[in-house]
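Architecture at a glance
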Amino acid sequence: MKVSIIVPVFNVEDYLESCLSSLVPALKKEDEVLLVQGPSTDRSCKIAAEFQKNHPQIRIIGQNGIGLSNARNCGLKAAEGEVVLFIDGDDFVDSIALAELLQQIREDEYSADVWLTDYYKCFGSRGRHKLVSQIGMNQVSTVDGLVKLLPKHSCFWNVWKNAYRREFLVNNELFFIENSYAEDIDFITRLLILNPRVQTKEIPYYHYRMNRRGSLMNRVSLARIQSTVSVLENCVQRLRDERTACFAPLITSFQFEYLLNMALVQEVDPQQKKLAVDAFCKFKEVLSPATDCAVRCGAFCVQVIGVSKVSKVLWGFKQIKRRVEHREK
């Protein structure tokens, strides 16, 4: 069984060598790493070329568009492996853990369409790692079982912590929406609605760098807010339209994420704050009905004091959380 690892390469010169050095030892000689290059303005492409010279498993291809989603789509269309993983070029993996996961997947053959794991958050230059445990030792094989397993209000939609059967993605046209933010939320929603065969693995291998310099997730623009809100609205409605009881916790998670994103209003250009607030004009439709106490409380506050004031409160809590994380480094 051949494995394809897709790595978008765009202005990640400070991290790419670490990423690739952690990936290559986990692979067999028949596997491949697809480096999908965008129009970088730093040394990223040079680093990629140097690695390709020394590692025959590495293939370099160019994007036919721009952005993370386009890079992933180009990689998925070019991939030759039966199993694909999406790794961001500014993160890295535990080589031994990834090798173990891939070995188990090879032994499982085609018993699943998606293999899910936990992951680590990596803070600061000191490299403090914190395990984000959503799956733990629990073993599930259905979407229903997975949804019941996920912790309340958890961010479960990161695509880079899972492995996927390529045929399942391609046959169902499961590509990433382009020219948008929150593409992972949209992707995972469409994936779960298809009711894939899932398999959980207690082998966390992915290390996600938090608040790294230059990350797209650290830039708050009006476009990011509008796009994220639109994706969340669409995903909530999509899940409601399925009329499947097991999706209720997913809807709650997206409603909670919708509320949390109101904090971003305080970080956008002051001249665009009104437009950022207006992006949440459908909050009544998104947050109601709600079964979760926190969501109901948040919806009530938005109804009474408005999006702008709620965003200030949430932004304050966000700053406190950041300071606590900084002290823990």
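Throughout what follows, the structure given in this document is the object of discussion. Keep in mind that this is a model prediction, so the values were computed, not measured.

Moving on, we come to the environment of methionine 262. Tracing the backbone through its elements, the reader meets methionine 262 in the loop between helix H9 (248-260) and helix H10 (273-278). Given a relative accessible area of 0%, methionine 262 falls into the buried group. Considering only alpha carbons, one finds methionine 262 and alanine 97, 165 residues apart in sequence, at a separation of 37 Å. Filtering out sequence-adjacent residues up to four positions away, methionine 262 remains in contact with Phe280, Phe283, Val302, Val307, Val310, Ser311 and Leu314.

We now examine unusual backbone geometry. Serine 288 connects to proline 289 through a cis peptide bond whose omega is 0°. Looking at the secondary structure, you find proline 289 in the loop between helix H11 (283-287) and helix H12 (293-305). You will see that glutamate 173, though not glycine, has its phi angle at about 50°, which is positive. Here glutamate 173 lies in the loop between helix H6 (166-171) and helix H7 (183-193). Glutamate 173 sits in the exposed class, given a relative accessible area of 61%. Positive phi, normally seen in glycine, also occurs at alanine 182, with a value near 60°. Structurally, alanine 182 is set in the loop between H6 and H7.

Next up on the list: the nonpolar core. Grouped together as the largest cluster of nonpolar side chains are 67 residues, with contacts concentrated most on Tyr164 and Leu169. For this core, the element with the most residues is helix H8 (residues 222-242), which contributes eight residues. Apart from the residues within four sequence positions on either side, tyrosine 164 is in contact with Glu82, Val83, Val84, Phe86, Asp113, Val114, Trp115, Val159, Leu169, Phe187, Ile188 and Leu191. One finds Leu20, Leu23, Leu35 and Phe51 within the second-largest nonpolar core, a separate group that totals 36 residues.

Evaluated as defined, the whole model comprises 17 salt bridges. Among the ionic pairs, arginine 197 bridges to aspartate 113, the shortest N-O distance being 3.2 Å. Remark: aspartate 113 occurs in the loop between helix H4 (95-108) and strand S6 (114-116) and arginine 197 occurs in the loop between H7 and strand S10 (198-200); sequence separation between them is 84 residues. Overall, the relative accessible area of 35% leaves arginine 197 in the partly exposed class. For aspartate 144, the salt bridge is made with lysine 148, and the minimal N-O distance between the two is 3.7 Å. With aspartate 144 and lysine 148 both in helix H5 (residues 143-149) and four residues apart, this pair spans about one turn of that helix. Within the structure, one salt-bridge network assembled from shared partners comprises Lys2, Glu32, Arg59 and Glu80.

Turning our eyes to something else, we now look at the layout of surface pockets. Space inside the second largest pocket adds up to approximately 230 Å³. Lining the second largest pocket, in full, are Phe256, Leu259, Leu260, Ala294, Cys297, Gly298, Cys301, Val302, Ile305, Val310, Val313 and Leu314. Elements that contribute at least two residues to the lining of the second largest pocket include exactly H9, H12 and helix H13 (307-328). Ranked by residues supplied to the lining of the second largest pocket, first place goes to H12 with six residues.

Conventions used here
- Residues numbered from 1 in each chain as written.
- Predicted model: local features only at pLDDT ≥ 70, side-chain atom pairs only at ≥ 80, totals over all residues.
- Heavy atoms only, no water.
- Helix = DSSP H or I, 4+ residues; strand = E, 2+ residues; numbered from the N terminus.
- Buried < 20%, exposed > 50% of the residue type's maximum accessible area, 1.4 Å probe, protein only.
- Contact = heavy atoms within 4.5 Å.
- Core = buried A, V, L, I, M, F, W, Y, C linked by side-chain atoms within 4.5 Å.
- Salt bridge = Lys/Arg side-chain N within 4 Å of Asp/Glu carboxyl O.
- 1 Å grid on protein atoms, 1.4 Å probe; cavity = no way out; pocket = protein on both sides within 12 Å on 5 of 7 lines; lining within 4 Å.
- Points joined across faces, edges and corners; volume = space filled by probe spheres on them.

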